[in-house]
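Examining the three-dimensional arrangement
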Amino acid sequence: MSLLRAASRFGSAAAARRTAVVAKAPTAPFARTFVTRSLPRLGHNLEDHYDMAEFMCKMHHPLGEYLIWAVMCSGFLVSFAPMMH
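Residues numbered from 1 in each chain as written. Predicted model: local features only at pLDDT ≥ 70, side-chain atom pairs only at ≥ 80, totals over all residues. Heavy atoms only, no water.

1. Quick look at the overall build of the protein
For the protein, the count of helices and strands is four helices and zero strands. Starting at the N terminus and walking to the C terminus, you meet the elements of the protein as α-α-α-α. Residues counted as buried form 1% of the 85 residues belonging to the protein. As presented, the protein carries roughly 8600 Å² of accessible surface, and 70% of it is formed by carbon and sulfur atoms. (Helix = DSSP H or I, 4+ residues; strand = E, 2+ residues; numbered from the N terminus. Buried < 20%, exposed > 50% of the residue type's maximum accessible area, 1.4 Å probe, protein only. Areas by Shrake-Rupley, 256 points an atom, 1.4 Å probe, with all protein chains shown as cover.)

2. Brief notes about a nonpolar patch on the surface
Taken together, the side chains of F76, L77, F80, M83 and M84 define a hydrophobic patch exposed on the protein surface, amounting to about 590 Å² of accessible area. If you trace the backbone, F80 turns up in helix α4 (residues 63-84). Exposure remark for F80: the relative accessible area of 39% places this residue in the partly exposed category. (Patch = residues over 30% accessible without salt bridge, like charges linked within 9 Å, V, L, I, M, F, W, Y side chains within 5 Å. Salt bridge = Lys/Arg side-chain N within 4 Å of Asp/Glu carboxyl O.)

3. A look at the confidence of the model for the protein
On average, the protein scores 76 in pLDDT, and the residues at 70 or more come to 75%. Here helix α1 (residues 2-23) stands out as the element of the protein with the lowest mean pLDDT, 68, in contrast to α4, whose mean of 93 is the highest. (pLDDT = per-residue confidence, 0-100.)

4. A short note on α4
Since there are 3.6 residues in each turn of an α-helix, residues three or four apart along the chain are aligned in direction. Spanning 22 residues, α4 covers 30 Å between terminal C-alpha atoms, matching the ideal 32 Å at 1.5 Å per step. In the structure, α4 departs most strongly from a straight axis at V78, where the bend amounts to approximately 30 degrees and where the proline P82 lies between one and four residues downstream. (Expected span 1.5 Å × (residues − 1). Bend = angle between axes of the 7 residues up to and from the residue.)

5. Considering the packing of aromatic side chains
Summed over all chains, the structure comprises one aromatic pair. Ring geometry for F76 against F80: centres 5.0 Å apart, planes inclined by 40 degrees, an arrangement best described as tilted. Taken as a pair, F76 and F80 lie in helix α4 at a separation of four residues, close to a single helical turn. Since its relative accessible area comes to 47%, F76 is described here as partly exposed. (Phe/Tyr/Trp six-rings, centres within 6.5 Å; stacked < 30°, edge-to-face > 60°.)

Following this line, the structure appears as structure tokens:
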């Protein structure tokens, strides 16, 4: 019986030390921070066909794209042309 009593005391002391270490552990290692990345989502690459079907099937008129390029170029010219003068 004394052998069982000693083993139970030794086991309970070791378990108390283990739980104390676990209780003092900081937050989980899987906590998200500023620099963590999300896991890549492996899709079927058909999102563009569903979201922009006319663009993907070349059914759109290019005037809208030309307009966007004109706005970007004019923004560049308005901001940098006076500095280059």
